[in-house]
Structure formats: C-alpha cells, structure tokens
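Chain by chain, the residues:
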Amino acid sequence: MTSMHAVFHVNHPPTSVENAVWCYFTCLKYKQLVTFGANQMNVYRLAMRDPNEPGVNVFSNRAKLEQVASFKLFGNVISAGVVRRSAQPDGEQDVTDALILTFQPALAVLICYDASTNDLKPLSLYDYNECEPTVNDRPTLPEVRVDPEMRCAAFLAHGSKVVIVPLRKELHDERGSSATEHFLQIYRTLPSFDITLFELEEPVANVLDMQFLYGYFEPTLQILYQPIQTWPGRLAMRKDTVAMVTLSLNLTHQAYPIIWSQNYLPFDCFKLLTIPKPIGGSLIFGANVLIYLNQSIPAYGVMTNSLARGTTDFLLTPAFEEKIAFDTCRVCLLEPDKVAVIVKTGDIHIITLLTDEMRAVKSFNFQKAATSVLTCCIVHLGDSYLFLGSRLANSLLLYYSKQLAPLGRVRNTAVARTPQKQPANKKRRLNTVADYLEIAPDEIDHEIYGEAILQSESISQVIYSYNLEVCDSILNIGPVGKTTIGESLFISEGLAQNSTDVETELVVSSGHDKNGAVSVLQKAIKPTLITTFELPNYIDLWTTLGSDVDEKGNQRHSCLILARHDSTAILETREEINEVEQSGFIYNETTIYAGNVDKRFSIQVTPTRLVLLEHTLLKSLLLMEASDSPVVHVSVTDLFVFLLNSAGRYHIVQIKHLNDELENVELVFVKKNVEHQSGFMVTSGCLYRDVSGLFSVGQTNPTVDSSKQPASSKLTESVSELTTDQEEELLFGEKTEADLSKVFSGVSRVKTEPSEDGRKTNIFKYPLSIAVTPTYWCIVGLQNGMLQFLSLPDLKPCFTVQKFYHAKKVFSVSGNHVEIKSESHLLGEDMRTNKFPINEVLVTGMGANRCRPHLFCLLNDDLVIYEINESATVQPQGTLQISLLKYCHDTMIHQYLGERRVSKKVPALYGGLPGTQEEEEVLLSEDGYPVPKTSVSRLVQRLRPVENVSGYNGVFVCGYHPLFMLMTDKGVLRPHVMWHDGAIINYANLNNVNCPAGFLYFTQRNQLRIAVLPSNWDYDCHWPTRKINLKATVQHLSYHLQTKTYCVVASSTEPVNRMPRLVLDKLDPELLERDDHYVYPSITKFALRVMQPDSWQFEPDVSWESEEWDHITALKCVKLANEGERSALQEYVVIGCSQVYGEELPCRGWIRMFDLTEQKRTEEEIEAGGNAAKKYSLRLICEHEQKGPITAINAVEGFLVSSSGQKIFIHTFQYQKFTACAFVDATPFTLGIHTLKSFVLSNDVYKSVLLHKFDPKTKAFSLISKDTRRLESMASTFLVDNKLMGFLVTDVKCNLNLLMFQPELKESHAGQRLVKMVDFNTGCKINTFVNIKCKSLFFQTQLHDQRKMKELDNKMVSVFASLDGAIGYVLPVQEKLYRRLRMLQNTMYNVVAQSAGLNPKSYRYPVEGWRTLINCSRGIIDGDLIFQYPCLSLPERLEIADKIGIDMHYILDDLVEVHHSTCVF
C-alpha cells in the first residue's frame, strides 16, 4: 500500500479587504489605516503626493496610501475594534492603540504593535470556543463592538452569548506585608463575563446586530434581534418580528439590567448605527425603511421605497426622494448628524438628520453623492477622507468636499445660541435649589455636551452637497470565480528557447456586475528582449549617464563599460552601440567599478587607479601606492568613494570642487588604508547619502522627564494636586477615560496643532518631505559578523550591530551588546572563523523622495533585508536614533545542491579565474559551508541598484535565482523573480533611444541581453498582474487552444417588470405595473464572448447572446470525435444552458456547441501587410435538449460528458448532433465534472465526490467508488504523482480533503468507498482548481539532474484560487521529503512564536459541522508555516535543525526543491 503526501502553500496572499479601522497603531505621530482580508493584515498611512511626480498638480493636496507594515495571521479576522490606551496611572507613557480581533467560532484577541519585535503582541485572549452552541443556535459570526468611552468591549459567541470584556482598570487597595506599610493602590483589569441572551428578562434570539450607545453613565449595549422569524412569503400571517433591547452593563458586579426595549419593528431591519452627542440615540436600517430611536422621544421612521407598503404596521413616513434600498448596505458617521451609506449597487448616499430645537430628529435628507465600487466596509479617516474596502473590486481611498446646497435645500436654519455666561473658574455647587435657579438652560447644555452644542442647531439644519474623487486604490483580484491557464503569446524568443515547457500564464475571473474583471497573473517577470549579443570572456558591466535627456526629463546613458579579466572595453550607447577607442577611461586594466557620482561626473576604478570623468573627458586621476593591496570592491556617492582592498582594509576618497563654478574637481584621500579598530578584516562596505532625516545622533544626557518618575511618587504627586471639581469628576465619573488619564499623568496623548478657526485638529498625514541637510555614512561589515555605521568624513562609529549574521527581526543599540551564551554550542566561540560572513551590503533610499532607507545584505546564500526606521526607544549619547526592522520575503535564492552536498564539491557561479564563465567547483567544509579562498582578485557585486526601470526603483539581485526588489507607489518592497533566463551574472540600468527605461544583463551562457519590462503590467502586486475591467460578471472562462483565445460567458443585470407565464407551451410574459417608487427585481442576461490575449478585449462581432430567462450554467472548450466526418479530435466550444422561469414552471436544459475558427485574411489585407488584427467567427453547429438543467460539462476519450438533474450522460457527436450512448445515476446536483484519461470525477453540492470510469470501446460507464460522507463541496480535481493518483475536494467550511482509491484497505469496503488520506483546513474558500505539470527548468539548466527532471515530468501541481483573492498550490511529494518536512513542522509548532499569539496547529484543524468518530488524517504539510523557516534568525534555525537532527542546509534544499517545482507561471 502506497499513500500520497502533499504540501499546501498559499504563495499569493489574499487581496480582498473585509474590515478596516483608523487608529494610532504603530506610532503616535500619525494615524494609520489597518485593513483585514482573510488572514492578511496590512497597515497604511496617508502620505501626501509628490509635486514632482509626473501627472500630479503642484497645488494638489490629495493623499495616497503608503504601506508601513504587513502581518500574516494563522486565523481569519472576522471583525476588529479599536481600543484607545491612554496614559496609565502606573507611570507608563502614552502608548499606541490596541486592537481587539475576533475569530471563528468564538475567539477574541487583544493585540498591540510591539516595536521591539516588529510583530503583533497579544495582550489578552478570550477563548469561548469550548462553549458549544445549543441545538437552536444558528451559525453566527463573532462581531465585536467597543464602547465609545473605552470602558469595555463585547462580542457575540455562538449566537447565544454576549461576552463582555472590561478594558478599564479598577483601583484596589491591598495591605503590605508588614504592619507599618500603608495600603498599596493597585490597578487591576476586571475579569470578562458572558451574558446568556435567552435567560434575560426578555429572551433574545437570532441576534441581527448590536452597538454601544453614546452618552450613558455606564456602558450601554443595544441589541437588535428577531425573536420569531419570518420571510416575505409569510408576511400576511406574521410581520414586524424584529425587536430591540438595551442593556446597562455594570462591570464591577457583572449586572446587566434591561433599561429600554422596542418591539414590533419591521421584519427586514438588520443594522444598528449609534448617533453621538448632542443628538444621541440610534438609527435602524431595514431593507426599505430607516428608523430613528431615542429613549427620551418617540420613534421616527421613513420608508425609502414603496416596497415597504403592506409589509409593516410600524408608523412610517414616505421619503421617496432617491428611491433607496438599504439591504446589505454599509454605513459610517461623517459628523454627528451626517451618515454616509453605500448600498448594494455601489451608490453613495449622504443622510442628514434634521432636528428641532429639542434635538429631536424630525426628518431625514437624502442626497446621492457618487457611484463607487461594491463595498464591504467603509471607514471615515477624518479630514475629508473615506476608505471603501471591498472584496468584489479594488478598495478605494476617496476625498470628499462639501459646500452649501442651494437655498431651496436649507430648512429652517436657526441662529446658533451662545451661553449667557461662561465663568473662567466654575464654582463649587452645593446641590441646593438656589444653585439650579441661577443657572441658565444654555449653560447647562454647554456643561453637559460641550462646545458642540453651541453650533448644533445651525449645523443640523444646513444641507450640504458632497463631491467625491478617487485618490488611491488597492488592487484586488478576488473573489476568484473561474480559473484557466493560457499560453503566453508575448514571450521573447530567446527566453522560450531555454525550456521545452510552454510558457503559460494564469487567468482568473473576479468581481460582480460593473466591477467584473479578468486578471492575468505571472509569478515571474518575463522581460521583453530587444537584442542579444554573444560576448565571451566578459565578467562585469556598468553604464554611465550622459548629457542627453528623454521626453520625461530623465538622463540617458551614454557609455557602456565592459570588464575583462585584464582589460576594459568602452562602448557608446546611442542609436547604435559602437566601441569608443579614445577617451579618458582606462583600457589596459580590468575595471572594478564604474558609474556616476552625480548627474554630471562619472568614475572608473581599477585595482590600482581611480579616474573621474565628465562624460568621457578626464577630470582627475588618483593612483594607489605600490604597497597597497589591489581594490576589490567600490561604493560611491556624490561626494565620497569607498575603496575596499583584498587585505580587508579600506580607503575613503572625497570629490572636492576647487571653485564655486564646479568646473574643476579632484580626487583626494580623506582616510587611507584604514584598518578597523577591532582588528578584524572588512569583508564588505557601502556608502549612503541620507536625505530622510532618520540618521540623527542622540543628544547628551537628556533631562529626566516627569513621565519617567516612579509610579508611586507620580501617583501621589498627581493626586495631591487634584482640585475639588477634579475629585468630583473622579468620584462621579462625569469625564471620559481620556480626560481622567490627563488628570493622573498630565500627558497629552495626541499631538495637535491649531487650525485656521482656532480649533485643534489631529496630525494624521505623513508629511511628503522635510528640508533635511544630506548626511553621509559608511556602512562596513566585518569578518566576525559585525555591522557598523560610521559617519563621514571622520569615520566615527555611531551604530554597531554585534553578530549581524544572526539576522534577527529587530536590531537596536539597546540589545546589541547582550551575548547569547546558550548559542555557543551552535555558533562557536571563535568569531575569527565565522561561517556566516557579510558577503555584501547595500544601503539605498527608497519610497517618496528616498525617505525610506533599506539595508540589503548577502550572508552566504541568504538575502537579508532591513528597513531602517526611527528607534522606538531613546538611544544612548552619540548613537543613531534608528532601529533595523527585518523585511521577510518568501523568495528562495538559496543554491540547491541536493546530492552534490555529499561530495563536498558544488558549482560556483562567481569563482575561479576572473573572466571565465565556466562552471567551477568550490569545496565545502565538514559543516556544509563554502571554504573561503586565500586570495581574492575582485568581489563581484550581486546587489545592483535599479534606477528608473519602467518607472520603478529598487535593487536587482544577481545569481542563480535572480530577482527584482522593486519599491512601488504603495511603499511596498515587491520581490519579482526573473528565472526564465537562468543564472544572471551582472546587471546594469540602460536608458537610451532604443531601450527606454530598460536594463541589460549577462547570462551564464556569455550572452549580453538588452531588455525592458513588459508594459501594461502592474508590478505593485505580489505577482506581476494585469487586471482588465469588463464591466460584466464573468461566469465561466475557458481557453481555446486552437485559436489561442479565451471563451468567456459574461452576464449583466437589468431591472425587469415582466413575469414569465407559459400559455399553451408558449412563453407569454405578464407585464407588472407598479408606481414610480417601486424597486423592480433584476434579471440576468448571459452572452458567450471571445477575448483576444493581444488586447484583452471582447471581439465586437464574435458573440452569442442567450434568450431572456435563459442561463448559461457551464462552459468548456473540449476536443470531440466527429464520427460522421472526421476521425481526429476537433476542438469545440460547448455550453450548458438552463431555462429558469420560476417555481411554477419546469426547468429545461440545452447543450449548445459552437465552432470557433480564425478567419482567413483577404487578398487586400495580405497586400496591405502590417500587423492586422486577427478575425474570428463563432458558429452554432449543434443544439441538444435535455429534460433537466445542465450543470457541468467536460469531455472524456472524445465523448461529451454532461450532468443533467440526477444523471450523468455520455454523448457521441455524429452527423452534427448529439446522441446519448451511456448514463449513470449520480447525486442530486453535480457542481463540476473533471476527466483524466478514462476517469470521470464529479463533485456534488452536498454528496462529496464520485469516481466513474468510461470504456470507449464498449461504451460502458460505471461507478468505481465514492465518498460516503456528507460534504458540501465547492471544487474538486485530480492529484497526480507519477504512478499515484488522488482526488482533492474542498468544502464550504474551508476544508481540504485528499481521497484515494485503495481497495486493499479494510475501511474502503472492497473499493466501494474512497479512503480519506488528508484532512486539512485551508483558511480560505477554494472555488476552483487547475492542474499543470511541475517546472523542471531550474534542474535542467543549472544542475542537469536527469533523475529529478524525470520525476517532475510525471508530477502535476494543483493550483487553486479562493474567494478572498488568495492563490496557492497543492504539491505531491515523496514520503522521504514529507517526513523531513513533517519533523520541521512539528518542531516549529513549539519553537516559533506566531503573530498575535495564534496557534497554527489549531488553525489547520478541520472544521466539521457534526461530531465524527474518525481521527484527522495527517498527510499534508502546512507550507505557510515551514516557509517561515528561511526568515527566522540564525540561532532559531540552528536550534530547530539541532532538534530535528538534520543539517540546516538540507532543510533549505528541501524548501528550494518545493519552491522551484511550483514556479510554473
């Protein structure tokens, strides 16, 4: 018996946004937008646009989103709430906001951002998963709500309990240990408790929504529920079934009495929105109604369309201004009296609450502001910004402006009141009658509600008109409906020759209605090659800028420098590339480095000389002394040059201007032959010009702040200074928690600045740029693994990182000098024999105006990236106030060695005699590390800066696995691999007439290629993506191989006022007459269209539209045998149609087959020549009627397979018609049919999967085996691993099952049942699979491993896509590899701490809707967990490898093998 094993990995994170909050999460300088999509959490800040950016108005003040952090969680976030943490009485300073996140089924985690670890720190966890729901409880989501005054939070558990989480700390007195000690005042957080809703005075069931109310002394929770359920068909018997109940929560005594209730609300109410002071109360949204409730005044409601008539007895006022339907709407508050509402059509409405003098809502004003995307969440960002998060389209950042509406829209505008007197010092009252008689009513309102009451009446009565504009967007490729694989048509010929596999791309459908789209994805960059030269014996190349500029104002490159091992060639890069024989460059020596020091001068460095040139004219020459060792590495800025020699010492050369006109310059040694003070050799170094202002040195002996005092003295001092009124406020709690915190600590939490009108506003935007004087720094890496930042020109150490090769998540000065004694047995004590040297280091500024510096470092084969950020703590005197935050990327650049590691000899890409490109060998030590050479002639620079390559900047990493690290407009560092051309030796930027904004590189086959990035692709994504908006819902998608086009079934909706009626077997629709305020239902119209991959647009004259009430339910491009005409298989387009007329009429089905061909070009078109667009024809050739709806279609052995009702048919195609030749009884509703050779796999909506086999000779169609479990399947496919075959099936609970046909097992009942081999929870709803052969290009071009190539040629990887925009794969692996990865996974469960304290093991546990007596099957590896291993620090990796008993390099080899086998796009 042989079982299958697999690896599951999501290598494209979710792109949808389902929740978002606006808070101070990572810092207190500015607010951030935190978005949640499935298990992905991203943090953005609002940054002003660069005025110098092309296409941006100089006077534009619009902001854009810039990502500052990203976290991947082992749990899908259901909802999120903001918890403001003010200054605490125990002496803690102001801290960032915390977030309370909820997960299914009933788990809440209170988290905050920890700057010391650059991760999410769990503060508290509330687990109610074990409290199982009762039989009557329906599945509900654990939505969380936070009290506006931050006293507590509440979330729903299993639909029957409300869990209350206290947030404020209570003061307790405890006696000390001795009798002489005083009472100790200790602040403790109250324990959480739950409320059983069915046990209340008014039993609560079927909770619809809940919210905390404003303006109450104690936390007050309002719950909207439906005690008795109904539906539109039963309204004549039961209506007004929704009720509301309000609970007052006593957190200390855990009491929750009912203080207010409202019954007999309309049955379609579903959402609550609480209104802050001074209006107060709450809004209840129904599908067709809007109701305002307040405890002190009668309810007021309106109907927004005529559908509400007759459905409720609740008193409603007609308000048909806009004819709005609120079902599935999303709402948020703009102001206390203005609400933004986005309905299901994407229309944005502004609702203004019109009040009277008593602040009672008397009317609503509805105004349609704009039309946007279909929204999942809406967040008000303050200062006229809205964020619309969507899971059906791109998420948008909107800017809104308001202006006074015309006079006819202003209703009873009142004059604002002013208080009669506002004493500077409020006197103490004695609660006597005289005190209340002498107080004016306006003064009372002013004391209770504050300054907002002074303008409340005038503001609430003035109507504003709103204008919205799009500022920024976040790309979303979900929810993925269908997936297919097509051939890449625009792949360059030079790249296509490198592999025998066909270059493919992944095409997915997403969106709905007007947001419908098709997205094309490629995992790797496939550059467009302009030309290729065969240049042997060249080892490096550079380009220098000239005086010419392009149409965008960017300088063009004028020279190309090519280095041999003993000489240098200079080429001129203009319209033609010609060799320059005479110039100021050095020809008779090899070049170590060449480039620009600024936009005017260029530099060339050889082992013994250094020249400065103005384009090609020599300006200065500097010679090395004969005793100096040759230069092996160079780094330059606009003022300084760093020269590293082979002896491990370095020189600093300064470029000095001799006059103010900058005409005469010279090269001068500032520091020469510098040896590091520690005595260790310098292995790498670079220079950095800082314009961000982050590189600032700490001040001397900062004064002691009052916030740093001990907690006891600070508390005593603050309490002793309390006034009488402050004591009253502490006793009676009239002030909020934020005000109380100021009483205790006197620390203001939010930085504010006065605005024009005198009020204080929060500073929440990240500034575009600040006038900063550039500073210069030298970063050196030592032989012992130390990294040091030195100031220039004095070379003063300002920041030192001990043991940088540990590659920890965060490096700061405070923890640098702490020795890790427990790691001595893993790392060794003698640092002079360090096995992890710093091979190369590069610091470059990225982002807007280069204000986000990043540090790139190569540690053997590890690419380590750090973002240099401002330090969260105050650093010592003379130290840079920075910290290094590690950027974790999922790209594997490690060199796969496999069995060659045993022979201790591995191929070296950069080794041996310089100038040779032959594959040479490097010896390995006993521990598996490369043995360093005794003499080094040059250090090849693998980290190359990317400047203006298709408008992107970043870093290119040369080597066996080359990749671009591109900084995008969102502030995200995107890794994009470029492995189609094999190993890349060198890289350089190139911008000239023939190659605008391009690049050139050397391959391992001595080829110099000039290329550009393909246009029309978006590289600001995890993969290069091209999204095409079709403004229609893509229902089905299939690739037509013969014409290399895509067949698409698109649908659109439109209102319909007719009802289908069948009279004498003929359709006679009945016309429905309704009033103008009636919301008509919509009907879906389908059409079969053809899309070309050239333009990715529909062919205008190639389509077939279905009839009214005719639905296209299946599409497949199949190869069928036409027995009457042709013997070979012919490709056709087959669709399955279902005529749906309603519940009263029977449903019919049709199978329609089309012939898609390319039209021949006419003689005139041939004579005209050129790239004329191809034309296609779509011809209907066959129709076949079925008695039931057609739900799935495929082909097997040249026969058509279709499912209709409870049967699966086999059809033969002969003489232009279909004939059923076999059938089998199947499950009630077949969702999909998949075929492989003669096997047919079908999955049902409720009955899991069935396996059939068809014999084309005897036309026998029989059932082989099936899965007998109850499983609401969503997708299924085959999983092939050489001679093994399994069956994958996913369900609605995000479970993934791997089944096998193994009749020899007892539990298979002699093969009648499929045996479950894998139980796994994916965390995402997988809706589609596509299979493709594993990639063997890497093993073919670099290792020539025939055994591995043969193994991969017979193995298929199953690529899936989910409803949240995630893409991943399931890869079958051998048992030996599985066992090693299994040990790694089990060890990481216990060693690696996860974000937010979530448990990855429980996250992957399958979710069942009922109790089972079968244990879960373990046969799959969690790739999301094990691929965290390369991102761990070195001590953690060695510790895990030591516990497993496997060398760390073998673990990395296994991960590289899995990674490169799945690089199929």
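Predicted model only: the values in this text are computed from it and were never measured. (Residues numbered from 1 in each chain as written. Predicted model: local features only at pLDDT ≥ 70, side-chain atom pairs only at ≥ 80, totals over all residues. Heavy atoms only, no water.)

1. Some points on the overall build of the protein chain
Check the secondary structure of the protein chain and you find 16 helices and 98 strands. For the protein chain, buried positions account for 56% of its 1465 residues. Summarising the internal contacts of the protein chain: among those between residues at least 6 apart in sequence, 59% fall at separations of at least 24. (Helix = DSSP H or I, 4+ residues; strand = E, 2+ residues; numbered from the N terminus. Buried < 20%, exposed > 50% of the residue type's maximum accessible area, 1.4 Å probe, protein only. Contact = heavy atoms within 4.5 Å.)

2. Remarks on the side chain of His1211
Mapped onto the elements of the fold, His1211 is located in strand E85 (residues 1207-1214). With a relative accessible area of 1%, His1211 lands in the buried category. A polar contact of 3.0 Å, which involves the side chain of His1211, links it to the side chain of Ser1202. For His1211, the contacting residues outside a window of four places in its chain are Ile1151, His1184, Gln1186, Phe1199, Leu1200, Ser1202, Phe1218, Thr1219 and Ala1220. (Polar contact = N/O pair within 3.5 Å; in protein donor to acceptor, adjacent residues only side chain to side chain.)

3. Quick word on the pattern of salt bridges
What the rule picks out here adds up to 54 salt bridges. The residue Glu335 makes a salt bridge to Lys338 at a minimum N-O spacing of 3.8 Å. Judged by relative accessible area, which is 0%, Lys338 ranks as buried. Here Asp1225 makes a salt bridge to Lys1207, at a shortest N to O gap of 3.6 Å. With Asp1225 in strand E86 (residues 1217-1225) and Lys1207 in strand E85, this residue pair connects regions lying 18 residues apart in the sequence. Overall, Asp1225 belongs to the exposed group, its relative accessible area being 55%. Lys1207 sits in the partly exposed class, given a relative accessible area of 32%. Through salt bridges that share partners, Arg45, Glu66, Arg852 and Glu867 make up one connected network. (Salt bridge = Lys/Arg side-chain N within 4 Å of Asp/Glu carboxyl O.)

4. Section: the confidence of the model for the protein chain
Residue-level pLDDT values for the protein chain average 82, and 80% of them are 70 or greater. Every residue in residues 700-764 scores below 50 in pLDDT, and together they form 87 contacts with partners more than four places removed in sequence or on other chains. In the predicted structure, residues 922-935 sits below a pLDDT of 50 and forms 34 contacts with residues beyond four places in sequence or in another chain. (pLDDT = per-residue confidence, 0-100.)

5. Quick look at the packing of helix H12 (residues 1375-1391) against helix H15 (residues 1434-1444)
As a packed pair, H12 and H15 sit with axes 10 Å apart at the nearest point and diverge in direction by 125°. Between H12 and H15, the interaxial angle falls into the category oblique. The two elements H12 and H15 cross, and the hand of that crossing is right-handed. Contacts between H12 and H15 pair Met1383, Leu1384, Thr1387, Met1388 and Val1391 from the former with Glu1439, Ile1440, Lys1443 and Ile1444 from the latter. Classifying every residue of the contact of H12 with H15 gives six nonpolar, one polar and two charged. (Axes fitted to C-alpha atoms, helices over the stretch in contact; angles between N-to-C directions. Parallel < 35°, antiparallel > 145°, perpendicular 65-115°, else oblique. Left-handed = near helix turned anticlockwise from the far one by under 90°. Nonpolar A, V, L, I, M, F, W, Y, C, P; charged D, E, K, R; others polar.)

6. Focus: the sheet that holds strand E63 (residues 943-949)
Taken in spatial order, the four strands line up as E63-E64-E65-E66 in an open sheet, and their pairing is antiparallel. What marks the edges here is a single partner per strand, and that holds for E63 and strand E66 (973-977). Averaged over all pairs of adjacent strands, the angle between their axes in this sheet comes to 25°, without regard to strand direction. (Pairing = 2+ DSSP bridges.)

7. Considerations on the packing of aromatic side chains
Counted by the stated rule, this structure contains 39 aromatic pairs. When the centroid spacing of 5.5 Å and the interplanar angle of 45° are considered together, the rings of Phe695 and Trp777 count as tilted. Note that Phe695 is positioned in the loop between strand E49 (682-690) and helix H5 (711-720) and Trp777 in strand E53 (residues 775-782), a separation of 82 residues in sequence. Since its relative accessible area comes to 5%, Phe695 is described here as buried. (Phe/Tyr/Trp six-rings, centres within 6.5 Å; stacked < 30°, edge-to-face > 60°.)

8. Focus on the nonpolar core
Phe25, Leu99, Phe804 and Tyr1429 are the most contacted members of the largest nonpolar core, which totals 104 residues. Judged by nonpolar contacts, the second largest core, of 35 residues, contains Leu495, Val946, Tyr952 and Cys958. (Core = buried A, V, L, I, M, F, W, Y, C linked by side-chain atoms within 4.5 Å.)

9. Description of the packing of H12 against helix H16 (residues 1448-1461)
To describe two helices that pack against each other, one gives the angle between their axes and the distance between the axes. Where H12 meets H16, the closest approach of the two axes is 11 Å, and the angle between their N-to-C directions is 115°. As for the relative orientation of H12 and H16, their crossing is left-handed in sense. Contacts from Leu1377, Arg1380, Leu1381 and Leu1384 of H12 reach H16 at Ile1451, Asp1454, Leu1455, Glu1457 and Val1458. Residue classes in the contact of H12 with H16 are distributed as six nonpolar, no polar and three charged.

10. Some words on H12
Helix length check: H12 (17 residues) gives 24 Å between terminal C-alpha atoms against 24 Å at 1.5 Å per residue, within 8%. The set of residues buried in H12 consists of Leu1377, Tyr1378, Leu1381, Arg1382, Leu1384, Gln1385, Thr1387, Met1388 and Tyr1389. (Expected span 1.5 Å × (residues − 1).)

11. With respect to a nonpolar patch on the surface
Together, Phe1229, Leu1231, Val1245 and Tyr1246 give the surface a local cluster of nonpolar side chains, amounting to about 310 Å² of exposed area. Its place among the elements puts Tyr1246 in the loop between strand E88 (1239-1244) and strand E89 (1249-1255). Tyr1246 gets classed as partly exposed once you look at its relative accessible area, which sits at 35%. (Patch = residues over 30% accessible without salt bridge, like charges linked within 9 Å, V, L, I, M, F, W, Y side chains within 5 Å. Areas by Shrake-Rupley, 256 points an atom, 1.4 Å probe, with all protein chains shown as cover.)

12. Thoughts on the sheet that holds strand E67 (residues 984-990)
Spatially, four strands are ordered E36-E69-E68-E67 in an open sheet, and the strand pairing comes out antiparallel. The open sheet has two edge strands, strand E36 (528-534) and E67, and neither has a second partner. Shown here is a sheet whose adjacent strand axes are inclined to one another by a mean of 20°, direction ignored.

13. Re H15
Residues of H15 that are buried include every one of Leu1434, Pro1435, Arg1437, Leu1438, Ile1440, Ala1441 and Ile1444, and no others. Once H15 finishes, Gly1445 follows within two positions and takes phi at roughly 90°, a positive value.

14. Topic: the environment of Phe198
Its place among the elements puts Phe198 in the loop between strand E15 (193-196) and strand E16 (207-212). For the pair Phe198 and Lys161, spaced 37 residues apart in sequence, the C-alpha to C-alpha distance is 8.4 Å.

15. Some remarks on unusual backbone geometry
A cis amide bond links Lys277 to the next residue, Pro278, at an omega of 10°. Along the polypeptide, Pro278 turns up in the loop between strand E20 (269-274) and strand E21 (282-286). Residue Pro479 is bonded to the preceding Gly478 through a cis peptide linkage, with omega at -10°. Take Pro479: it is sitting in the loop between strand E32 (464-474) and strand E33 (483-487). The phi dihedral of Met150 falls on the positive side, at around 60°, and the residue is not glycine. A residue is classified by how much of its surface remains accessible, and Met150, at 7% relative accessible area, is buried. Although it is not a glycine, Asn1016 sits at a positive phi angle of roughly 65°.

16. A look at the state of the cysteines
Using the criterion set out here, one finds zero disulfides in the structure. Free of any disulfide, Cys686 has its nearest cysteine sulfur in Cys778, 7.3 Å distant. The class for Cys686 is buried, based on a relative accessible area of 1%. (Disulfide = S-S within 2.5 Å.)

17. Considerations on the environment of Ser79
For Ser79, the location among the structural elements is in strand E6 (residues 79-83). It is 5.5 Å that separates the C-alpha atoms of Ser79 and Glu143, two residues lying 64 residues apart in sequence. Among all residues touching Ser79, those that are not within four sequence positions of it are Asn19, Ile100, Leu101, Thr102, Pro142, Glu143 and Val144. Engagement of the side chain of Ser79 in a polar contact is seen with the backbone oxygen of Pro142, the distance being 3.4 Å. Among the polar contacts listed, one links the side chain of Ser79 to the backbone nitrogen of Val144, at a separation of 3.0 Å.

18. A look at the side chain of Ser1273
By the element assignment, Ser1273 lies in strand E91 (residues 1273-1281). For Ser1273, the side chain forms a polar contact with the side chain of Asn1243, separated by 3.4 Å. Filtering out sequence-adjacent residues up to four positions away, Ser1273 remains in contact with Leu1231, Asn1243, Asp1244, Val1245, Ser1248, Val1289, Thr1290 and Asp1291.

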